[in-house]
Structure formats: structure tokens, C-alpha cells
2 protein chains.
Amino acid sequence: MDRHDPVKLGAERASMVDAVLERFFSLSKKRAAPLGDHYVHLWGLLERNTQGGKRFRPRMVMSAYAGFGGDDMDAAAYVGASFELLHTALIVHDDVIDRDFVRRGIPNISGAYRDHAVDRGASVEIAEHRGVSAAVIAGDLALFNAYRLIDRSGVGSPVRERLLDVLDEAMFASAAGELIDVDFSIAPGMPLVDDILTMERLKTAVYSFETPLQAGAILAGASEAAVTTLGEFGREIGIAYQIIDDVLGVFGEEEATGKTTIGDLREGKRTVMIAFACSTPAWARLCDLIGKSDLTGEEAMEARLLLIECGAKAFAEDLARGYAHRALARLAEPCIPAALRDELHPIAETVLKRVR
Amino acid sequence: MDRHDPVKLGAERASMVDAVLERFFSLSKKRAAPLGDHYVHLWGLLERNTQGGKRFRPRMVMSAYAGFGGDDMDAAAYVGASFELLHTALIVHDDVIDRDFVRRGIPNISGAYRDHAVDRGASVEIAEHRGVSAAVIAGDLALFNAYRLIDRSGVGSPVRERLLDVLDEAMFASAAGELIDVDFSIAPGMPLVDDILTMERLKTAVYSFETPLQAGAILAGASEAAVTTLGEFGREIGIAYQIIDDVLGVFGEEEATGKTTIGDLREGKRTVMIAFACSTPAWARLCDLIGKSDLTGEEAMEARLLLIECGAKAFAEDLARGYAHRALARLAEPCIPAALRDELHPIAETVLKRVR
């Protein structure tokens, strides 16, 4: 592998993970064939759902693994694929919870099933039920097999048990975070900034950053101290990413981020910026705009100006900067190999670049 | 253990499984405590959801295990508890799919959450969303930990891998069966009797009978032939049970079965009886009754009479009898120890008794 070209390295690792997933889905579809065409179709949709991503989480598994001297990249690819399936399971079920039929503008599993059923003459109500049902089932299969793929990596004890413990941590935290997020969207009040940070840590940072890095380190036989430190880096940078993600969700450029900059405002999404703004005089006007489902473009601009004026945007950016710097401090600890530090540094840099 | 008193034996085994689950939930709630009261509450609801059952599946794991000479009943209890968690996961998500808030007349996880939210002033719509969301998350935790409990049983390779393969079979089949069942409830036509039998085998018989028995046998080191034969017994008797369950769902005594005898008729549930009736002249009148959501008591009696007259009830009972006899034939094979045959025989007898 070309360790001197990070882009090429990332692409190579991603395609190793793709190969593992391809094999897994190919086997599953063969197995599904005697059990009905619809079941094969479901597996196909699940496969399609895992394709096209940046393989961010698996690549972190493999970065940490290689960074601690691991050389069985096949095993690392399996562990990486496991985290990709966990990610798939969580977003598929997240869409069930939110009754979303599209993700990033494209029909998700529920949406694909619904459209399929509508094409065959079903009413929208019945088709949506079928779509949601299929997504519940598909998410279950992805979750079950996330665990299974670690077993299928061929890794022996006691590393296997430690990897499964880490995956367990990822699941346990994600469920807690998802529940908090559900409560936010339902409760009438405004959570504290701290509560939102907790939710973002649990719902996303743990399974997206912290545990994939730890898994890679464990697989490579890194020391306890290194695994802990790497996890802390992952946690801090993961939270920083989420904060910035939410800032971009209001202020970002749609072409660059692929997300709209009005969706979160219309939804009234509980973010660090919104929670801060709620404690300022600007809230007297902002509370009419945040969560207004038919917010116009002009009203959105007004909301953005208010969020800047009341200091909410700067507050969030300062917070993210703090987390990114703390993350970099972890990377600087002696138990982290220099080569790995160099490889992970850009992740923190990306965050810092966005807050200048 | 008192092997001469099957009732006492069953109760002892059930309480060993209860003990495993109690420890598991106790640990999980402690772990959940720093992550929020609501998360502890969710785990508590999940625990309550697993209590009070007959522990049928775990007891079959332990019957097969003891029947093949196994004596580490603790390990068997873990494997049994794993199947109980799988069962919990499947029914929790089944209720999400059906948007049911009660099960056997008692609020399920969705229902408990919904009621909790309504008590706190939430609208019914918002409360139901919260309930369904909580159930998606809870089902995920149960499913993930079904797999995990087999690991926590302390069983070594290669038995561990074979047990996980069996659990995989259970999950794979259940997902396929659930999808077929969803399709039935949505598609306008009437499935063939064969398709319904396939659905019942996949959705219920595999994870409720076939794989628990196989898991117990594998754990005890039984031969391949014995594991296969026992699985076939489980499959045949599982299908027989489902057919009879559906007959009782229309003709049974509510006090005995705990289920209403009008629900399935009102729902138009696709059963062997209904599929058969659809091919008879009686369908000309039955089709107005089956699936009528406000079916009266008198109309239900008319439907029952028609189902008897057109031969549908007898057809289903004959079919179930056939499966039960085939199941008994499997039990009679030489690779099944006599003591296990004696222990499992009553399961088949129960089915046959109900069809006399």
C-alpha cells in the first residue's frame, strides 16, 4: 500500500472493505434465494444502502490498525466492514424512527419499498407501511451481521472478545444517544448545551470515531494506554465534528456539504447553537423562526443573522475549536506512534479549517 | 434436578434462565445509569418485556442439551437466555411493524412509553412516535445482546461458532418470514396454503422450535445426524403448532388461550384455514366477513360455521395432524436418545390433543 499518498491509501482501504461487504452480500443473497424473491430483493436494497459511502469508519479502523504496526489488512477490513454495517443499521432504523423515506435526497430502504409498492398499485398509506416494515427488518439484519462480521474476521481470543466489547460499547452508547435525541425532538423545552453535547457524543461520536479507532488499535495489539488515548481523541474530535456539522447545517454551502441549509432551521433541530441562542435576548424573535416548518429563504437569512449577532455561531465554533485542540493534545501523547499522529492530524485540521 | 417430574423440571430450568437474564439486565441498567434516566427506564421496560413468559424456547434448548447428556446447565441456561432475547427482539419489532401498543392485552414497550408521555402532557400523536421510537431502540438492544449472550456463556470453539451459526439461521429465517407476512397483510390477493406454511415455518417454527433444539444438541456434542433430525422434529412440530394456533384463534376458548377468537377474523389474517376456504364456494359469503373490522359476534359465529362446513377447519386439523405425526416419526429415529424422546413426545401430543 502506498503510505505516502493518503488519498490513494484511503481509497485502497475503502475498496478492501467494499470487497468484504460484497462477499458478505453475495453469500447472503444466495442464501436468501430459496426463501423468496422479496427476501433477495431486501438484501439487495440493504447492499445498495451500504454502497457509495466514504467508508469513513472502516478507514479509521484500518488507520489505527496500520498505525500500531498491524499488517493483516484483511482482518482489519473485516472489522472495518463490521462498523460499516453497524452504521447502516443505525441510519436505517433512524429513518424508521423519523419516518423518513429519503436520505441525502435519494430513496432509502423504506422509500425504495414504498415506491415499488406504489408502482404496483398500492395506496400510499399501505406502501409506506410496507416500506417502514422492510426497513425495520433490514436494519435488524445489518445489526446482527455487524456483530457476526467480527467473528468472521478469523481473529482469535482474547482479541476477539475485546473487539466485541468495543462493538458492544458502540451499540450501547448509540442506543442511549438515539433515545436522548428522540426525547429532544419531542419534549417542549430546550435542552442545555451540555445535554446536546452528551447526545452527540453518545449518538454519533462513539460509534463513528471513538470505537472504530479503538478497534483498530486493539486488533494491532496496542497498549491499554494507547487504546484509551486513541478513544479519547476519537471522542473529542467526534464531538467537534458534530458541532461543526450542525453549524454547516445552517451556514454551510449546500453544494459543498450536500445538505440543505434550511432543513435544520425548519425542523427546529436541537443543536449547540440553538441551545445557546435560547439563553440570549435574540430568542424573543428567533423562537418564532426556529422550528417554523414553512420558513422562507428570507426568514432563514434573518435567523442566520440573529444567530451570528447573539453570539451563538461564535460560541459553537469556539466550542468545536476547543474540542479539536483537546483531540490534538491526545494525539501528541507519547503512546501514539508518530506515523499515526501524522495520519490522524488532518481529521482535526479539517475541523479547525471550518471554524476559521 | 428432578427428572421424574417434568413440570418441576421445566420450572427449575425456567428459573435458571430467569437468573441469567436478571444478571444481564442488572448489569445493563448499572451501565446505563451514567447515560441518562430515560435509558435506564428503557432497559427496565425491556427487562419487564422478557419477564412472565413460559420460557418455552430456552426450555427446549435445555431439554435437548440434557437429553444428549449435557451437564453444564449454566452454559445451557445462557444459550437458552439468548433465544429468549431473540424472541423478545422479534416481538418488539413485530409490534413496531404492526404499530401495536398492546400485546396480550398489556401495554408493550411502545405502549408503556406512549402512556408515560401522555401522562406528562404530550399529544397522542407525539407520544405514539416516542413509543415506537423507544421500541425500535429496545428491539435493537435485545437483538444485539441475543448474539452476545452466546459469547458470554463461556462456551469454547468450535461449539461456539456452531451455536452462532444456528442463531444466525434463526435470525435469517425469521427476517424472511416476517417479510412474507408483511407482504401477505398488504397484498390484495390470497396466498396459497403452501405459501402460508412457508411463512409460518420461517417466521416462527425455525426460531421457536427448530433452532433452540438444535442449539441444545450442539452444545451437548450430539452427532450431526442427531442435530439434523432434532431440527426436523422442531420444524414439523413448529408448523403444526402454528396451524393449530390459528385454528384456536378462530375456534378456541378465550379463557384457555388468552387470545380473542374474533381478532384474526376481523384482521383477515392469512391462515391455512382462510386460504383453503378461499378455494371453496363458501368464499362467496366468507369474503364479506373475513377482514371485516367491525365484525359482530353473530357474524363471527356465521364465519365459524362456514369454515366448518366448507371443510377448512378439518383441512387445517388434518394438516396439523400430519405434521405432528411426521414430527413423532423423527423423534422415533435411533439417533434420538429415548429419554429425550420421552421428554419431547408431549409437545407433539399437545398438538394432537387439540385436533381431536
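See the structure shown above.
Residues numbered from 1 in each chain as written. Chains lettered and ligands numbered in written order. Predicted model: local features only at pLDDT ≥ 70, side-chain atom pairs only at ≥ 80, totals over all residues. Heavy atoms only, no water.

The next subject is the relation of the copies chain B and chain A. The transformation that overlays chain B on chain A combines an axial shift of 0.0 Å with a rotation of 180°, and the residual RMSD is 0.0 Å. With respect to symmetry, the two chain copies, as superposed, fit the operation of a two-fold axis. Across chain B, the rotation axis passes nearest the C-alpha of F144 of chain B, at a separation of 3.1 Å. Most of the interface of chain B is mirrored in chain A: 100% of its interface residues are interface residues there too. (Least-squares fit on C-alpha atoms with pLDDT ≥ 70 in both. Contact = heavy atoms within 4.5 Å.)

To continue, consider the packing of helix α2 (residues 37-50) of chain B against helix α4 (residues 73-98) of chain B. Residue and element names in this part refer to chain B. Between α2 and α4, whose axes approach to 10 Å, the crossing angle comes to 110°. In this view, α2 runs roughly perpendicular relative to α4, as classed from their interaxial angle. Judged by residue contacts, L46, N49 and T50 of α2 engage E84, L85, T88 and V92 from α4. For the contact of α2 with α4, the residue count by class is 3 nonpolar, 3 polar and 1 charged. (Axes fitted to C-alpha atoms, helices over the stretch in contact; angles between N-to-C directions. Helix = DSSP H or I, 4+ residues; strand = E, 2+ residues; numbered from the N terminus. Parallel < 35°, antiparallel > 145°, perpendicular 65-115°, else oblique. Nonpolar A, V, L, I, M, F, W, Y, C, P; charged D, E, K, R; others polar.)

As enumerated under the stated definition, the model contains 23 aromatic pairs over all chains in all. Judged by centre distance (6.3 Å) and plane angle (45°), the ring pair of F56 of chain A and Y241 of chain A falls under tilted. Within this pair, whereas F56 of chain A is found in helix α3 (residues 56-67), its partner Y241 of chain A is found in helix α9 (residues 224-251), the two being separated by 185 residues in sequence. Relative accessible area serves as the criterion here: at 24%, F56 of chain A is assigned to the partly exposed category. These aromatic residues form a ring-pair network of at least three members: F24, F25, Y39 and W43 of chain A together with F172 of chain B. Over the ring of Y323 of chain A we find R326 of chain A, and its NZ or CZ is 4.5 Å from the ring centre. Taking NZ or CZ as reference, R31 of chain B lies 4.0 Å from the ring centre of F172 of chain A, over its face. (Phe/Tyr/Trp six-rings, centres within 6.5 Å; stacked < 30°, edge-to-face > 60°. Buried < 20%, exposed > 50% of the residue type's maximum accessible area, 1.4 Å probe, protein only. Lys NZ or Arg CZ within 6 Å of the ring centre and 35° of its normal.)

This paragraph deals with the interface of chain B and chain A. When the parts of a complex come together, some accessible area is lost, and that lost area is often used as the size of the interface. The partner chain A presents 46 residues to the 46 residues of chain B that form the contact. Together, the buried faces of chain B and chain A total about 4,600 Å²; carbon and sulfur atoms form 66% of this surface. Linking chain B with chain A are 14 salt bridges. Linking R148 of chain A and D165 of chain B is a salt bridge whose minimum nitrogen-to-oxygen distance equals 2.4 Å. Inspection of the region where chain B meets chain A yields 24 residue pairs in polar contact (both at pLDDT 80 or more). At the level of elements, α1 (6-32), α2, α4, α6 (124-151) and α7 (159-186) of chain B are the ones that each hand at least two residues to the side of chain B that touches chain A. For the side of chain B that touches chain A, the class distribution of residues is 27 nonpolar, 6 polar and 13 charged. (Buried area = accessible area lost by both parts, 1.4 Å probe. Salt bridge = Lys/Arg side-chain N within 4 Å of Asp/Glu carboxyl O. Polar contact = N/O pair within 3.5 Å; in protein donor to acceptor, adjacent residues only side chain to side chain.)

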